[in-house]
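If you want the building blocks of each chain, they are given just below.
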Amino acid sequence: SICGEKRCRVVSSRTQGLPDDVAAYVRELILSGEVRPGEFLRLEPIAEAVGVSNTPVREGLLALRAEGFVQLVPRRGFMVEEFTPQDVHDIFWAQAKLAGELAARAAKRITPEGIAQLERILADLEAAYERGVDDEIVELGVAFHRQINLYAESRRLAMILNSVVKHVPNRFYASIEGHVEATRADHPQLLKALRTGNAREARKIAESHLLDSTDHLIEMLRRRGLWSDEQPA
């Protein structure tokens, strides 16, 4: 039974038609433990769940193959690869180092208008915290960091960071125990460093902001059953 009806739930219409949406959908199945290492992924149920034909499903799975989430077994199809706690550490370490460098560069280049824009985003984010709207919290958090990356004026580095970030679905960030509370404290501190042009402090805050979430995410994924077969240490 590979990615059957219970696993391949219907997603919203906005995700229809693109291999990237297929990749995001299957990536979440893997990280949630709904499909396990060694299982084969059938194209048809995925196509039905995302609302696409088999062609973009294959393209999306090929993208996941390049990311190391699946492998293509000759004459058998796409099989889920092992995903370990060390993989999670590596993803967040790479994100932290790239985000830290971009924040440091932004601290040297951001304009007063840029600071004002970040202040508006943080005000909206604080309102979202008060209302407890997870989707809005994630969306505004992404917007905050996206603006910082833009002011770093390092397009290639930001593109590399984006390729790493997509390894973890955005919604997981709001679900990480402690991450929302940490974000609520970290963002104003990062803005202060940017406002004062303190590149060293901006780098430090941006790095720790991501690295401190690693153990929380690993524990969350373990509770979801991703490593239920893991041998005790």
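Refer to the structure above for everything that follows.
Predicted model, so just to flag it, every value in this text is computed and none were measured. (Residues numbered from 1 in each chain as written. Predicted model: local features only at pLDDT ≥ 70, side-chain atom pairs only at ≥ 80, totals over all residues. Heavy atoms only, no water.)

Asks: Describe the overall build of the chain, naming the residues involved and giving the relevant values.
Replies: When helices and strands are counted, the chain shows 11 helices and three strands. The helix and strand sequence of the chain, counted from the amino end, reads α-β-α-α-β-β-α-α-α-α-α-α-α-α. Put simply, of all contacts in the chain between residues at least 6 apart along the chain, 75% involve residues at least 24 apart. Carbon and sulfur atoms make up 50% of the accessible area of the chain, which totals about 12500 Å². (Helix = DSSP H or I, 4+ residues; strand = E, 2+ residues; numbered from the N terminus. Contact = heavy atoms within 4.5 Å. Areas by Shrake-Rupley, 256 points an atom, 1.4 Å probe, with all protein chains shown as cover.)

Asks: Describe the side chain of Ser154, and please don't skip the residues or the numbers.
Replies: Residue position: Ser154 is located in the loop between helix H6 (134–151) and helix H7 (155–165). A residue is classified by how much of its surface remains accessible, and Ser154, at 9% relative accessible area, is buried. Within the structure, the side chain of Ser154 is placed 3.1 Å from the backbone oxygen of Ala152, a separation counted as a polar contact. Those residues within four positions of Ser154 in sequence are excluded, and the remaining contacts are Leu102, Arg105 and Arg109. (Buried < 20%, exposed > 50% of the residue type's maximum accessible area, 1.4 Å probe, protein only. Polar contact = N/O pair within 3.5 Å; in protein donor to acceptor, adjacent residues only side chain to side chain.)

Asks: Describe the pattern of salt bridges, listing the residues and the values that go with them.
Replies: Tallied over the full model, the rule gives 10 salt bridges. Across the salt bridge formed by Arg27 and Glu67, the nearest N and O atoms sit 3.1 Å from each other. Highlighted residues: Arg27 in helix H1 (residues 19–31) and Glu67 in helix H3 (residues 54–67), separated in sequence by 40 residues. Each member of the pair, Arg27 together with Glu67, is buried. Lys97 is paired through a salt bridge with Glu207; the nearest N and O atoms lie 3.4 Å apart. Of the two residues, Lys97 sits in helix H4 (residues 85–109) while Glu207 sits in helix H10 (residues 199–211), which places them 110 residues apart along the sequence. One salt-bridge network, in which partners are shared between bridges, spans Arg27, Glu67 and Lys166. (Salt bridge = Lys/Arg side-chain N within 4 Å of Asp/Glu carboxyl O.)

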